[in-house]
Amino acid sequence: MSGFRQLLRNTPEGLYCPPGDFHIDPVRPVPHAVITHGHSDHARSGHGTVLATSETLAIMAARHGEDFAAGSQAARYGEKISRGGVGVTLVPAGHVLGSAQAVLRWKDITAVISGDYKRRHDPTCPPFEPVACNLFVSEATFGLPVFHFPNAADEVARLLKSVALFPQRTHLVGAYALGKAQRIIALLRQAGYERTLYVHGALASMNALYQAHGVALGRLAPATDAARNALPGEIVIAPPSAIADKWARRFADPIPAFASGWMMVRARARQRHVELPLVVSDHADWDELTLTAGELKPEELWITHGNEEALLRWAALNSIPATALEIAGYEDEEE
Ligand SMILES: [Zn+2]
Ligand SMILES: [Zn+2]
C-alpha cells in the first residue's frame, strides 16, 4: 500500500488519515469522522465530531436523533477545510441527497475517497464530479462485468406500462428509505406521472427531508388505508421488506415490484417474491466503475468493499496498482 499509507490507512475502525487525525465513514465510534453520506452503514452515531454536508448531517439527525455526535461541522460542496494540515473538500458523489466524495490534499498527494457513488442521472442530487488524483479509493458493490444497468427512465416506463395494463391492481414498489424511494418518485414525476403516490410510513421522514431540501416529489399521501382491496390502480412505495409482508395484503391484488441493482439477479427477485423487478441502482455498475477508474488513471486504486476480484483484474490489465481493503461493516445496499 505504498507511500500513500502516510496519508491514509486501513484500521479496524475503517479508513484513517493520521496527519489529519480523522476517520472516513468509520464503522465504530471514533473521535473525529468525515462522513460521505447518510446510509446507516456509513453514517453511524456516537462519534466525537462529524464533518459532512449539511444534508448528510440532517439525515443523521433524523435517523439517530440530534445528539448523533458530540459535535458536527457542515461543509458545502467544494469548500476547503483544513484538518491538521490536510485539506479536506467534499465533492458530489451522485449517490443520494448530500452524498460526497472526500478529497484529501496533503503535501503533493491528492486522495479521493469516493464513498458510494454512481454516474447515472439522478434528479434528487447533483452528479458525480471526477477529481484528478494520485490515489482513488472506490467502492465495488456491483464490481462484476454482468452488472450493466439499463436506463432508469426505461425501468420506470416499464412500471407505468404495467400500471396501465393492470388498472385493478395495486403496484407495490419496494425501495430503500434513503435515496431510492425519492429517486423513484422523482423519476415517476419526470415521466409525467402526476397522480398521488402512496407511501409507507417508514418512508415519510426521508421524503419530508428531501422536500425540505428542495427536491420536488409531487403529491404524496400515506398508504394507511386498512380496507380490503385498497388503492386499485395506484402506486404504493414501501420499504423492500414490506412488499411481501402481511402489510401488503390490504391492497388490491398487489403486484410486488422492487427497485434495486440486485434485481439483475433473478434468484434475488424470486427470493423476495418480486413479480416486477426494476433494475434501478444508486451504485455504479461495472461500466461506471471501470470508466471512472480509467478516466482518473490514479497511481493506485484501493477498493473499500463489494465485489473486488474482477476490478482488481481489470486494474492489473490496465496497469493500475490496486488493493482490496475488504472493510468489514459496509452492506450491499441498506435495508
Ligand atoms: Zn450508500
Ligand atoms: Zn455502501
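The sections below set out a description of the structure shown in this document. Treat the numbers as computed from the prediction; the structure is a model and nothing was measured.

## Quick look at the coordination of the zinc ion (ligand 2)
And step 1. Protein-derived coordination of the zinc ion (ligand 2) comes from H42 (NE2), D116 (OD) and D116 (OD), at a distance range of 2.2 to 2.7 Å.
And step 2. The distance between the zinc ion (ligand 2) and the zinc ion (ligand 1) is 4.0 Å, with D116 acting as a donor to both metals. One end of the pair, H42, is in the loop between strand 4 (32-34) and strand 5 (47-52); the other, D116, is in the loop between strand 10 (109-113) and strand 11 (135-140), and 74 residues separate them in sequence. In this pair, the class of H42 matches that of D116, namely buried.

## Looking at the coordination of the zinc ion (ligand 1)
And step 1. Around the zinc ion (ligand 1), the donor atoms from the protein are H37 (NE2), H39 (ND1), H95 (NE2) and D116 (OD), and they sit 2.2 to 2.3 Å away.
And step 2. In this structure, the zinc ion (ligand 1) is surrounded by four donor atoms whose angles at the metal cover 89 to 163 degrees, and the resulting shape is irregular.
And step 3. On the primary sequence, the residues serving as donors to the zinc ion (ligand 1) are separated as H-x1-H-x55-H-x20-D.
And step 4. On the basis of relative accessibility, which here comes to 0%, the residue H37 falls in the buried class.
And step 5. What makes H95 buried here is its relative accessible area of 0%.

## Details of the sheet that holds strand 19 (residues 322-324)
And step 1. Strand order in the open sheet formed by seven strands is 7-8-9-10-11-18-19, and the pairing between neighbours is mixed. Bordering the open sheet on either side are strand 7 (81-83) and strand 19, each of which pairs with just one other strand. Taken pair by pair, the neighbouring strands of this sheet meet at an average axis angle of 25 degrees, ignoring direction.
And step 2. Examined bridge by bridge, strand 9 (residues 100-106) and strand 10 share five bridges and lie antiparallel to one another. When the bridges of strand 10 are listed, A102 appears paired with I113.

## Observations regarding empty space enclosed by the protein
Picture a little ball the size of a water molecule; that probe, rolled over the atoms, points out where space is still empty.
And step 1. All told, the structure shown has four cavities of 30 Å³ or more when counted by the stated rule.
And step 2. Counted as a void, the largest cavity has a volume near 70 Å³.
And step 3. What lines the largest cavity is a set of 14 residues, among which D25, I113, G115, T304 and Y330 lie closest to the centre.
And step 4. Elements with a contribution of two residues or more to the lining of the largest cavity: strand 11 and strand 18 (300-306).
And step 5. Taken together, the residues of the lining of the largest cavity break down into five nonpolar, seven polar and two charged.

## With respect to the pairing of strand 9
And step 1. Most of strand 9 sits inside the fold, with six of its seven residues counted as buried.
And step 2. Across six bridges, the pairing between strand 8 (residues 86-92) and strand 9 is antiparallel. Bridge pairing in strand 9 links T89 to V103.
And step 3. Joining the antiparallel neighbours strand 9 and strand 10 is a turn of two residues, in which K107 adopts a positive phi near 50 degrees.

## Considering unusual backbone geometry
Excluding glycine, residues mostly have negative phi values, and the peptide bonds linking residues are mostly trans.
And step 1. A positive phi angle, close to 55 degrees, is found at S319, a residue other than glycine.
And step 2. Following the sequence through the fold, S319 ends up in the loop between helix 7 (309-317) and strand 19.
And step 3. Notably, E326 is not glycine yet its phi reads approximately 50 degrees, a positive angle.
And step 4. Among the structural elements, E326 can be located in the segment after strand 19.

## Focus on helix 7
Three- or four-residue spacings in an α-helix give side chains the same orientation, since the helix completes a turn every 3.6 residues.
And step 1. For helix 7, the set of buried residues is A310, L311, W314 and A315. When helix 7 is viewed along its axis, its buried side chains cluster within an angular range of 140 degrees and face the same direction. Facing away from the buried surface of helix 7 by more than 90 degrees, the exposed residues are E309, R313, A316 and L317.
And step 2. Elements that come into contact with the buried residues of helix 7 comprise strand 11, helix 6 (286-296), strand 18 and strand 19.
And step 3. A positive phi of about 55 degrees marks S319, the residue just after helix 7.

## Some remarks on the sheet that holds strand 3 (residues 22-24)
And step 1. A sheet is described by the order of its strands in space; here six strands give the open sequence 1-2-3-4-5-6, paired in mixed fashion. With partners counted over all chains shown, the strands left at the sheet margins are strand 1 (9-11) and strand 6 (69-74), one partner each. Along the sheet, successive strands turn relative to each other by an average axial angle of 30 degrees, direction set aside.
And step 2. Here strand 1 pairs with strand 2 (residues 14-17) via three bridges, running antiparallel. Bridged to R9 within strand 2 is Y16.

## Observations concerning the packing of helix 6 against helix 7
And step 1. For the pair helix 6 and helix 7, the least separation of the axes is 11 Å and the interaxial angle reads 35 degrees. Like other packed secondary-structure pairs, helix 6 and helix 7 cross with a definite hand, here right-handed. Here W286, L289, T290, A293 and G294 of helix 6 lie close against helix 7, whose contacting residues are A310, L311 and W314.

## As for the packing of aromatic side chains
And step 1. In total, this model carries nine aromatic pairs according to the counting rule given.
And step 2. Measuring from ring centre to ring centre gives 4.9 Å for F142 and F147, while their planes differ by 75 degrees; the resulting arrangement is edge-to-face.
And step 3. Where F147 meets F149, the ring centres are 6.3 Å apart and the plane angle is 55 degrees; that geometry is what we call tilted.
And step 4. By way of ring pairs, the aromatic residues F142, F147, F149 and W262 are connected into one cluster.

Conventions and cut-offs
- Throughout, a residue's number is its position along its own chain's written sequence, starting from 1.
- By the order in which they are written, chains take letters starting at A while ligands take numbers starting at 1.
- Whole-chain, interface and lining totals are the exception, using all residues; otherwise, since this is a predicted model, local features are given only for residues with pLDDT of at least 70 and side-chain atom pairs are given and counted only at 80 or more.
- Only hydrogens and water are set aside when side-chain values are computed; all heavy atoms of the structure are taken into account.
- Counted as coordinating are nitrogen, oxygen and sulfur atoms within 2.8 Å of the metal, or 3.2 Å for Na, K and Ca, while water is not included, which may make sites look incomplete.
- Runs of E in the DSSP output that reach at least two residues are strands. Runs of H or I that reach at least four are helices, and both are numbered from the N terminus.
- Categorising residues by exposure relies on relative accessible area from a 1.4 Å probe, with only protein chains included: less than 20% of the type maximum marks a residue as buried, more than 50% marks it as exposed, and the intermediate range marks it as partly exposed.
- Only two sets of limits are used to name each site, 85 to 135 degrees for every angle of a tetrahedral four-donor site, and over 155 degrees for opposite donors with all other angles from 65 to 115 for a square planar four-donor or octahedral six-donor site, with any other site named irregular.
- Only strands that DSSP links by at least two bridges are regarded as paired with each other.
- All axes are obtained by fitting lines to C-alpha atoms, using only the stretch in contact for helices, and the reported angles, taken between N-to-C directions, cover 0 to 180 degrees.
- Only protein atoms enter the calculation, which uses a 1 Å grid: trapped sets of points that fit a 1.4 Å probe without letting it out are cavities, open sets showing protein on both sides within 12 Å along at least five of seven lines are pockets, and any residue with an atom within 4 Å of a point is a lining residue.
- Grid points are joined across faces, edges and corners, and a volume is the space filled by probe spheres set on the points.
- We call Asp, Glu, Lys and Arg charged. Ala, Val, Leu, Ile, Met, Phe, Trp, Tyr, Cys and Pro are nonpolar, and the rest, Gly among them, are polar.
- By arc we mean the arc of the directions from the helix axis to the C-beta atoms, nothing more.
- In what follows, a contact means two residues having at least one pair of non-hydrogen atoms within 4.5 Å.
- Each crossing is labelled by how the near helix is turned from the far one, with a counterclockwise turn of less than a right angle marking it left-handed and a clockwise turn marking it right-handed.
- Geometry of aromatic contacts follows a simple scheme: Phe, Tyr and Trp rings, the Trp one being its six-membered ring, pair when their centres are within 6.5 Å, and the pair is stacked under 30 degrees between planes, edge-to-face over 60, tilted otherwise.

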